[in-house]
Each structure stands twice: as C-alpha cells, then as structure tokens.
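Structure assessment
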Amino acid sequence: MNERPKISVDGVDFEWDRENGRILVWGNPAVLMWIETTLAGLMVGIHKMVGTERFVIAAEQAGRESIEGEVAAIMQHRQSVEDGFRYLGTSAAAVGHGHWELVRLDHAKKEAWFRVHNSWEGLYQKALGVTWGTSTMAGKFGAHCSRIFETHCRAEQTAFQARGDAYDEFVVRPTARTIEDDLEALIGTENATKADLTIAFERLQREVEERRRIEEDLRREVEERTRIEEELRSKLELIRRQEEAIRAMSTPILRLWKGVLTMPVVGLVDSTRAGGMMEALLEEITRTQARFTILDLTGVDVIDTGAASHLLKVVQAARLLGTQCLVSGISPSMASTVVSLELDLGALKTFGTLEAALRYAIKQGNAEDTEVPKGRPGASS
C-alpha cells in the first residue's frame, strides 16, 4: 500500500505522510481543521485575551508577513501581476482559503480592488455571529500592493461575508498610516489596556481567593499595586547600580604609585565614551592630586581622527588640573595610522609600554612622592 499518497489539484501538490502523521502542501507541513468549530474556538480564545482592536491589528500584521512565500513561489514567476493574482487565487481555493479575485488594478492611481468568496475568516466569524473583519486577507493584499506600487499601501474592507454580503471586498490604496501608527494610537486609549487589565484583574482575584478568600478587593488591589511599585523601584535601583558598574568597568582608573594614575583604554572611543572617561578621570585626579596620568592604549586595535581628537580632549582637561598625561601602548599599526592620517599628537608624550611610562613618571617625580613600595603595586580601592 502506498504510504505517501499524492494528488495535485489546480497546480497545488498534496501529499499524505502517513508514517509521521503529516499532510504536506507543496512539501510543507500543513494542518486541517474545521472552520466553524475548531478554528472558531481558537480565534474566540485569542480574541478574548487581547480584545478586538489588538486582534484585528495582529491579524493584519500576520497577513502582511505571510506573503514572502507567495511572492517567491508564485508572483515573481508570472508574466504579469494580474496573471500572478489569478494563479494565487486558484491556489488559495485549492487549499481551502476561499476564492480570491482581482477585480481591478489601476497602476496610474495605485489602487486595487479585491474580492474573496468563502474566506476562512469570513466563515468562522459568520458561524460565531461576529464581524471582526477579514484582517489577514487585508494584510496580504496591502503587502502585495506595497510591492507592486512601490509605496506603503493598506487595504480597507468594504464588504463582509460574515454579516451577510456575498463576499469580502477590499480596496487597497497608498497611505502613510502604518500598523505601528495604529498601535501607537491604541496605546493612548482605554481600549489599549482593556484586555491587559482584564487578565490582571482575574489573576488578582485568584490571588485574593488563595489568601483566605478575603473580600476586600479594593484594599488588595492597592496592596498589589504598591508591591509592584516597590519591585519596580528595586529593579530600577539594580539597573542603576549595574549601569554604574558597567561604566566603571569600561573606564577603570588604577593607582599604580602615589601620584601616578593609569587608565587602560580598550575598544572603540566615541564621543559618549570619551565624555565618561573625562568625567571619571578628572574626579579621580582631583581626589588623589595625581601628578601623572598614563593613558594605556594597548587594548585599542585601531585609531582614527575622531578617536584621537577625543583622547586629546581628555589629555587637555587633565592638564588643566595640574597632571601630566603620558600615553603608552601605541602599536606599530596604530602608529602607521596616526602618520597616514597626519594627526597632530605632538602635545603627547608617548611610550611603547606601560612599564616605560611608569618608569618615566617615577623618575620625574620627587623621590618622596614616587618611592617604589615593596612588593607588587596594586590598584587603589
């Protein structure tokens, strides 16, 4: 017995993989479900969770994102746009998505009219007695026309099979209004959070019942909100401390000897980071009254005009506080780049290694200020 029966209907290939319990359409796994019961129940559950506005927007977005396969497999291999839509409509009917019809396509006005007979969205909504709109199809047609007209388009539904019309009908036109705009507008309305508040209230009710079924709902709600606010404040404080730690790690300042600081620089130096480096360094110079500051560039792979300019500003600011800045760790490739860019680094005293810069600082300082302590010098606390 053939364990993988196949059939082709209007150019659509169906295959039943009995061994693995799958049905394949054009080689891709698919699923069959009863529209008026199983699918309708699934959609009701989703709608109940998110509300009509979000449900419609999500369906339209899903429709827009679903056209990539249609374009690759069908539309781009047809002689004309009209021919592509005819074949797409036939294929849709073969897999139970209803019959799609391109009524008119006006390239000059960048407008298109579509009709869909017996779409799955229209059928399940008619069975439920609701009219939420055939938003997935609207998203598909809007996305296809956006490609065809090379401008952002969206579809407006003008007829609804769910409320008794003979078909679903759409007119597609260019518009500056995006799905993101609809979401932003939704945020500013009560409906934007209606579904969220409903879910939160149900969760709160369950928590109240579990806590000895206390019936003082208002007091419990205030307590819950207070708890959430405290958690948010704690999280914000944690984030603040983490940001401070990250900034300290990105611009570490070490005290090698009395009067001698070093700032290892690793990675890219941009204006934002340079500002943080300058602020941290000036604070430490003021606090320690350091006479020498070593900028160690061993961890910098490349340097350009912008980075060099930022470093020079750090040096100049430090000099105003009475500290002499030394630069160490310039690699051969970096030195070659500096020469080729004709950067003016004449104001900097440079050394090949951090050790050489440190020796220079010790030698230049007074013996009492720069006496080398026994053992290995460590970083300041």
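Residues numbered from 1 in each chain as written. Predicted model: local features only at pLDDT ≥ 70, side-chain atom pairs only at ≥ 80, totals over all residues. Heavy atoms only, no water.

Going by what an unreviewed UniProt entry lists, the protein chain is known as STAS domain-containing protein and is assigned to Polyangium sorediatum.

The subject of this paragraph is the pattern of salt bridges. Scanning the model with the defined rule gives 15 salt bridges in all. Where R154 meets D182, a salt bridge forms, and the shortest distance between an N and an O atom there is 2.8 Å. Separated by 28 residues along the polypeptide, R154 in strand β7 (residues 153-159) and D182 in helix α6 (residues 179-187) bring together distant segments of the chain. Taken individually, R154 and D182 each receive the classification buried, so the pair is uniform in this respect. Taking the shortest distance from any N to any O, the salt bridge between E355 and R359 comes out at 3.0 Å. Placement of both E355 and R359 in helix α12 (residues 354-364) is noted, with a separation of 4 residues, approximately one turn of the helix. (Salt bridge = Lys/Arg side-chain N within 4 Å of Asp/Glu carboxyl O. Helix = DSSP H or I, 4+ residues; strand = E, 2+ residues; numbered from the N terminus. Buried < 20%, exposed > 50% of the residue type's maximum accessible area, 1.4 Å probe, protein only.)

Inspection of the secondary structure puts D296 in strand β11 (residues 292-299). For D296, a relative accessible area of 10% gives the class buried. At 2.8 Å, the side chain of D296 forms a polar contact with the side chain of S328. Setting aside residues no more than four positions away along its own chain, D296 makes contact with T262, M263, P264, V265, S328, G329 and L354. (Polar contact = N/O pair within 3.5 Å; in protein donor to acceptor, adjacent residues only side chain to side chain. Contact = heavy atoms within 4.5 Å.)

Glancing now at the sheet that holds strand β6 (residues 111-117). Taken together, the 4 strands give an open sheet; going across it, the order is β5-β6-β8-β7, and neighbouring strands pair in antiparallel fashion. A strand with exactly one partner marks an edge of an open sheet, and here the two such strands are β5 (99-106) and β7. Averaged over all pairs of adjacent strands, the angle between their axes in this sheet comes to 20 degrees, without regard to strand direction. Of the strands in this sheet, β5 and β6 are in contact with helix α3 (residues 81-94), which crosses β5 at around 165 degrees. (Pairing = 2+ DSSP bridges. Axes fitted to C-alpha atoms, helices over the stretch in contact; angles between N-to-C directions.)

With 14 residues, α3 extends 20 Å between its outermost C-alpha atoms, agreeing within 8% with the 20 Å of an ideal straight helix rising 1.5 Å per residue. Along α3, the residues classified as buried are G84, F85, L88, G89, S91 and A92. Looking down the long axis of α3, one finds its buried residues gathered within 165 degrees of arc, a one-sided arrangement. (Expected span 1.5 Å × (residues − 1). Arc of directions from axis to C-beta.)

Taken across its 7 residues, strand β10 (residues 260-266) has 5 buried, putting it largely inside the fold. Where strand β9 (residues 254-257) lies against β10, 3 bridges are found, and the strand directions are antiparallel. Looking at the pairing, W257 lines up with V260 of β10. The turn joining β9 and β10, which pair antiparallel and follow one another in sequence, is formed by 2 residues; a positive phi near 85 degrees is taken by G259. With 6 bridges joining them, β10 and β11 adopt parallel strand pairing. Bridge pairing in β11 places V266 opposite G299.

Taken together, V31, M33, L42 and I46 make up a surface patch of nonpolar side chains, about 340 Å² in accessible area. By the element assignment, M33 lies in the loop between β4 (28-30) and α1 (35-65). (Patch = residues over 30% accessible without salt bridge, like charges linked within 9 Å, V, L, I, M, F, W, Y side chains within 5 Å. Areas by Shrake-Rupley, 256 points an atom, 1.4 Å probe, with all protein chains shown as cover.)

The next subject is the sheet that holds strand β12 (residues 324-328). Taking strand neighbours across the sheet as the criterion, the 5 strands line up as β9-β10-β11-β12-β13 in an open arrangement whose pairing is mixed. The open sheet is flanked by β9 and β13 (349-351), the only strands paired with a single partner. Between one strand and the next, the sheet's axes are offset by a mean angle of 30 degrees, whatever the strand orientation. Note: β12 against β13, 3 bridges, orientation parallel. Looking at β13, one finds that V327 is bridged to T350.

With that settled, consider the state of the cysteines. One pass over the full model with this rule turns up 0 disulfides. Just so you know, C145 is unpaired, no disulfide at all, and the nearest cysteine sulfur is the one on C153, 5.9 Å from it. Looking at C145, the relative accessible area reads 0%, which means it is buried. Residue classification places C153 among the buried residues on the basis of a relative accessible area of 0%. (Disulfide = S-S within 2.5 Å.)

Quick look at the nonpolar core now. The biggest cluster of nonpolar side chains holds 20 residues, and the ones touching the most others in it are M263, V265, L281 and L297. Put simply, the parts of the chain that give this core at least two residues each are β10, α9 (271-288), β11, α10 (305-320) and β12. The leading source of residues in this core is α10, at 5 residues. When near neighbours in sequence (up to four residues on either side) are disregarded, L281 contacts I253, M263, T293, V314 and A318. F85, A138, F141 and F149 belong to the second-largest nonpolar core, a separate cluster that totals 17 residues. (Core = buried A, V, L, I, M, F, W, Y, C linked by side-chain atoms within 4.5 Å.)

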